[in-house]
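Descriptive structure summary
Read off the chains here:
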2 protein chains.
Amino acid sequence: MSSVLRDEIFEQPAALERLMRLEEAHIAAVARQLGTRQYAGVVIAARGSSDNAARYAQYLFGTSLGLPVMLAAPSLHTLYAAPMRYRDMLVIGVSQSGQSPDICSVIADARRDGAATVAFTNAAASPLALAAEHQVDLHAGAERSVAATKSYTTQLAALAALVFALADDRAGLASLHRLPDAVEAVLRLEPAIAEVAAAEAAMPACVTLGRGYNYATAWEIALKMKELTYVPTEPYSAADFRHGPIALIARGFPAVLVAPAGATAADLAALTARLAELEAHVIAISDDDAVLRHARHPLRLPVTVDERLSPMTTVVVGQCFARQLALARGVDPERPRGLQKVTATR
Amino acid sequence: MSSVLRDEIFEQPAALERLMRLEEAHIAAVARQLGTRQYAGVVIAARGSSDNAARYAQYLFGTSLGLPVMLAAPSLHTLYAAPMRYRDMLVIGVSQSGQSPDICSVIADARRDGAATVAFTNAAASPLALAAEHQVDLHAGAERSVAATKSYTTQLAALAALVFALADDRAGLASLHRLPDAVEAVLRLEPAIAEVAAAEAAMPACVTLGRGYNYATAWEIALKMKELTYVPTEPYSAADFRHGPIALIARGFPAVLVAPAGATAADLAALTARLAELEAHVIAISDDDAVLRHARHPLRLPVTVDERLSPMTTVVVGQCFARQLALARGVDPERPRGLQKVTATR
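Counting restarts for each chain: residues are numbered from 1 in the order of the written sequence. Going through the entries in the order they are written, you letter the chains from A and number the ligands from 1. In view of the model being predicted, local features appear only for residues whose pLDDT reaches at least 70, and side-chain atom pairs are presented and counted only at 80 or more, with totals across whole chains, interfaces and linings using the full set of residues. Side-chain numbers come from the whole structure's heavy atoms, not from hydrogens or water.

Thoughts on the interface of chain A and chain B
Put simply, the rule is: In this description, contact between two residues means that some pair of their heavy atoms is separated by no more than 4.5 Å. Here the quantity called buried area is the total loss of accessible area, with a 1.4 Å probe, experienced by two parts when brought into contact, counted for both. Salt bridges are defined by distance alone: a side-chain nitrogen of Lys or Arg within 4 Å of a carboxyl oxygen of Asp or Glu. Contacts described as polar in this section are N or O atom pairs within 3.5 Å, which, within protein, must combine one atom able to donate a hydrogen with one able to accept it, while residues neighboring in sequence count only if both atoms come from side chains. A run of H or I in DSSP counts as a helix once it spans at least four residues, and a run of E counts as a strand once it spans at least two, with each numbered from the N terminus. All amino acids are sorted into three groups, where Ala, Val, Leu, Ile, Met, Phe, Trp, Tyr, Cys and Pro are nonpolar, Asp, Glu, Lys and Arg are charged, and the leftover types, Gly among them, are polar.
Contacts between the two partners involve 70 residues from chain A, matched on the other side by 69 residues from chain B. A buried area of about 5200 Å², summed over both sides, lies between chain A and chain B, and 59% of it is on carbon and sulfur atoms. Together, Tyr 80, Arg 85 and His 243 of chain A form the three largest contributors to the area buried by chain A at its contact with chain B, with a combined 13%. Put simply, chain A and chain B have 4 salt bridges between them. Measuring nitrogen to oxygen at the nearest pair gives 2.8 Å for the salt bridge that ties Lys 226 of chain B to Glu 234 of chain A. Here chain A is connected to chain B by 16 residue pairs in polar contact (both at pLDDT 80 or more). At the level of secondary structure, the elements contributing two or more residues to the side of chain A that touches chain B comprise helix H3 (49-65), strand E2 (69-71), helix H4 (74-78), helix H10 (215-229), strand E7 (233-237) and helix H11 (238-241) of chain A. For the side of chain A that touches chain B, the element with the most residues is H3 of chain A, which contributes 6 residues. Each residue belonging to the side of chain A that touches chain B can be placed in one class, and the counts come to 38 nonpolar, 19 polar and 13 charged.

Focus: the packing of aromatic side chains
What counts here: Aromatic rings from Phe, Tyr and Trp, taking only the six-membered ring of Trp, are treated as a pair when their centres fall within 6.5 Å; an angle between ring planes under 30 degrees marks them as stacked, one over 60 as edge-to-face, and anything in between as tilted. In our convention, an over-ring charge means Lys NZ or Arg CZ found within 6 Å of a ring centre and within 35 degrees of that ring's normal.
By the definition in use, this model includes 13 aromatic pairs over all chains. Chaining the aromatic ring pairs together yields one cluster made of Tyr 56, Tyr 59 and Tyr 213 of chain A together with Tyr 80 of chain B. If you follow Arg 6 of chain B out to its NZ or CZ, it ends over the ring of Phe 10 of chain B, 4.0 Å from the centre.

As for the packing of helix H7 (residues 150-166) of chain A against helix H14 (residues 311-328) of chain A
Residue and element names in this part refer to chain A. Heads up, the condition is: Angular values range over 0 to 180 degrees, each being the angle between N-to-C directions of two axes fitted as lines to C-alpha atoms, with helices fitted over their stretch in contact. Comment on the angle field: the value is read as roughly parallel under 35 degrees, roughly antiparallel over 145, roughly perpendicular from 65 to 115, and oblique elsewhere.
Running from N to C, H7 and H14 cross one another at 170°; their axes reach a closest spacing of 10 Å. In terms of axis orientation, H7 runs roughly antiparallel to H14. Contact residues: H7 offers Tyr 152, Thr 153, Leu 156 and Ala 157, while H14 offers Pro 311, Met 312, Val 315 and Gln 319. Split by residue class, the contact of H7 with H14 holds 6 nonpolar, 2 polar and no charged.

Thoughts on unusual backbone geometry
To be explicit about the condition: Any residue under 20% of the maximum accessible area for its type is buried, any over 50% is exposed, and the rest in between are partly exposed; the area is computed with a 1.4 Å probe on protein chains only.
Look at His 139 of chain A: it is not a glycine, yet its phi comes out positive at around 50°. Along the chain, His 139 of chain A falls in the loop between strand E5 (134-137) and H7. Positive phi values are uncommon outside glycine, yet Ala 81 of chain B reaches one of about 45°. By secondary structure assignment, the location of Ala 81 of chain B is in the loop between helix H4 (74-78) and strand E3 (89-95). Relative accessible area serves as the criterion here: at 64%, Ala 81 of chain B is assigned to the exposed category.

Listed below in structure tokens is the structure:
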């Protein structure tokens, strides 16, 4: 059975390679122009999957440049006409289609206010691309599925390329060049992922857990689960989860845990052990033995990448899992009900 | 049957009155000292309910002062040792207990970096209060329930008092003084709320929806639902919801919609109508006829308050609803399973 969604998931190594090949030099040039100013912080305007790319960027800009990142509240612009002062900020719009009027409003207001503005889109002639002073093209190719996959991972990679260029981080950029091969290797987990999806097909609800760089991944996997399977799935910071929402966990409750090797792994290994005590069904996406040991369904990442880039390998496992879970539940992931590709909130 | 949780919910008018009586002059003095500096933005560090207070503050600081607000990622400090530059920011810590080590880390790092720091806590001698240059006491009285109620509404009121003082907004401060009476009136809805809870007691999952100032309320009500009833409940911006997660909505799916009169009401009325078409069970917390008309369970707010303060009336309906839903499901809301009052993430 042909599947546009599966094709787009499996195109990700090629899309990431294309982004670096066609856009890296331009991103470096944008970074040189941006780098002549001092910024108090970064404001990112986005919705849906792109909002999760912004969550990822919060950790990148923080660890590499010490810059705090704010997720813009577009309704401050569109509903409240707030007199936002973005002059000292680097203001970034992220949107696959570049069509969302409210994201364009934030960028246009910020540019008028004298802020530096950059658009990350998959549509070079879109209103968002035209509204911003600088634009970065994702080169993901046409994305026909309603559920964003390759546009998400290319957004993450393009943001990482910009931050590494601003920080003059050659090692980071070199890691980015190795990423397509890592994603290719992760895609070979598909049969193992399908088995887990079949085993947990009857789940009534789900939670996804991550921390640090992969907090964004927990959000993005939860979004794919909701879009493709209709299973109510809520993402949590692992840190917040244990102080409240863990009350949800009864025997058999499924939890997708995103915990690659790195700064968050020890904390997430402890959480996995606690969830195992509660007899939760933990599906662990990890290359860390301590995490995998306590999981009911360990999904071992076949390669270890720079933790800062791991959200581009871990999310691919989640994309495949959401698709397989939809199939196991007899839902068509190619035609999500009630969805439209382009968001048009005003 | 005596209920500490119910007592604390019903103490909110008195707690809000006490906050204004005992702390307003001090908040004005803090504002005078803070007001001598120019800020590029605001950084707020918080967890759990206090994080929802920070979400509220994003709209307050934006509309009154044009300042972008960033929710701090404590793990940038505790796990990644990121070299955060907060010098030009107003940095605020919000915590009922003032004990969370990671919130204290953010404030201590920011103060060392030369940022202006303010702690909002219910514990005047707590580590957080001592870490910050300025502190605001919530005067909520001892909160014994694990689920935060009066500490949340007093956090919102104290943040509003600070923003109005910074903006020299006398009308805003006058509205704050009228708030205890409004909350008192809202509490009289309890019998009607209990009826709705009984009718929807069998819900397997739930969503909460809000926008603008009441996006925070959607989050806070969802948190109360999870803490007290164990019903998986996810909060959404009404704007994001219709571009993806609305796929979740099948006939009978319950949705709590927070839509008081104001800038968001027209948009939320349209969403209510759409949800009614999908035969969702909409529980609407509103004083807007267009919203209430299409709701299966209209919960009409008996008073109209300044939209900027409405999160302190709407959330009280949600607190009562979550408690009544727990009782209707035979769950004890006084003793949530697996929870601890003080968060101690490092």
